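Topology and contacts: notes
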Amino acid sequence: MTSELTQILIVGILAGVIMGSILAGKGFGKIGNLLVGVVGAIIGSYLTKFISINLGSFTLNFGQLVLALIGATIFILLLKFFSRKRG
């Protein structure tokens with residue numbers, strides 16, 4: 001459990017940095033982008049369990065990063081959707 005959490009945090013931080021670069025000025029700030037990346041990694045982790053993908057043990061790989069980016073994108077879209085509803 002601890003190694004999985006560490007893995008999620010590492011992949012999430014990487015995803016946050018990448019998403020911050022992709023959004024370039026339209027993101028949530030440095031800390032916000034990192035948090036979005038971590039939430040995205042958590043979503044990506046659940047996606048792997050939902051669609052039954054086994055990505056191995058504690059090895060950080062490209063597939064995990066891609067799933068974290070997909071999760072971060074889903075999270076950003078949800079944030080934008082719900083913030084648009086309020087405003």
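The structure we're discussing is the one just above.
On a predicted model such as this, the values are computed, not experimentally measured, just so you know.

With that settled, consider the overall build of the chain. Looking only at helices and strands, one finds three helices and zero strands in the chain. Taken from the N to the C terminus, the helices and strands of the chain come in the order α-α-α. Taking the intrachain contacts of the chain between residues at least 6 apart in sequence as the baseline, contacts between residues at least 24 apart amount to 74%.

Counting through the fold element by element, Ser45 comes out in helix H2 (residues 29-50). Owing to a relative accessible area of 13%, Ser45 belongs among the buried residues under this scheme. With residues near it in sequence (within four places) discarded, Ser45 still touches Glu4 and Ile8.

Of all hydrophobic cores here, the largest spans twelve residues; its members are Ile8, Val11, Ala15, Met19, Leu23, Val36, Ala41, Leu65, Ala68, Leu69, Ala72 and Ile76. Those elements that provide at least two residues to this core are helix H1 (2-23), H2 and helix H3 (62-86). Excluding residues within four positions of it along the chain, Leu65 makes contact with Val11, Leu14, Ala15 and Ile18.

Further remarks concern the packing of aromatic side chains. Tallied over the entire structure, the rule returns one aromatic pair. Arranged with centres 5.2 Å apart and planes meeting at 75°, the rings of Phe81 and Phe82 form a pair that is edge-to-face. On the basis of relative accessibility, which here comes to 48%, the residue Phe82 falls in the partly exposed class.

Tracing the backbone through its elements, the reader meets Lys30 in helix H2. Relative accessible area serves as the criterion here: at 75%, Lys30 is assigned to the exposed category.

The next subject is H1. With 22 residues, H1 should cover 32 Å at 1.5 Å per step; its first-to-last C-alpha distance of 31 Å lies within 8% of that length. All of the buried residues in H1 are Gln7, Ile8, Val11, Gly12, Ala15, Gly16, Met19 and Leu23. One or two steps after H1, the chain reaches Ala24, where phi turns positive at roughly 30°.

For the rest of this paragraph, the subject is a nonpolar patch on the surface. Among the surface-exposed residues, Ile70, Ile74, Leu78, Phe81 and Phe82 lie close enough to one another that they form a single nonpolar patch of about 450 Å² accessible area. Turning to its location among the elements, Phe82 is positioned in helix H3.

Moving on, we come to the environment of Val38. Tracing the chain through its elements places Val38 in helix H2. Looking at Val38, the relative accessible area reads 15%, which means it is buried. Along the sequence, Val38 and Gly71 sit 33 residues apart, while their C-alpha atoms lie 9.1 Å from each other.

Rules used in this analysis
- Residue numbers restart at each chain and count upward from 1, following the sequence in its written direction.
- At least 70 in pLDDT is required for a residue's local features to be given in this predicted model, at least 80 for side-chain atom pairs to be given and counted, and no such filter applies to totals for whole chains, interfaces and linings, which use all residues.
- The side-chain figures draw on all heavy atoms in the structure; neither hydrogens nor water molecules are used.
- For helices the rule is a DSSP run of H or I covering at least 4 residues; for strands it is a run of E covering at least 2, with both sets numbered from the N terminus onward.
- Two residues form a contact once any of their heavy atoms are found within 4.5 Å.
- Buried residues are those whose accessible area, probed at 1.4 Å on protein chains only, stays under 20% of the maximum for their type, while exposed residues exceed 50% and partly exposed ones sit between those limits.
- Buried residues of nine kinds, namely Ala, Val, Leu, Ile, Met, Phe, Trp, Tyr and Cys, make up a nonpolar core once their side-chain atoms join them within 4.5 Å.
- Pairing of aromatic rings covers Phe, Tyr and Trp, the last through its six-membered ring, and needs centres within 6.5 Å; plane angles under 30 degrees mean stacked, over 60 mean edge-to-face, and all others mean tilted.
- What a helix is expected to span follows from its residue count: subtract one and scale by 1.5 Å.
- The patches reported here contain residues having more than 30% relative accessible area and no salt bridge. Joining distances are 9 Å for like charges and 5 Å for nonpolar side chains (Val, Leu, Ile, Met, Phe, Trp, Tyr).
- The accessible surface values rely on the Shrake-Rupley method and a 1.4 Å probe; as for residues, cover is taken only from the protein chains in view.
- Salt bridges are counted wherever a side-chain nitrogen of Lys or Arg sits within 4 Å of a carboxyl oxygen of Asp or Glu.

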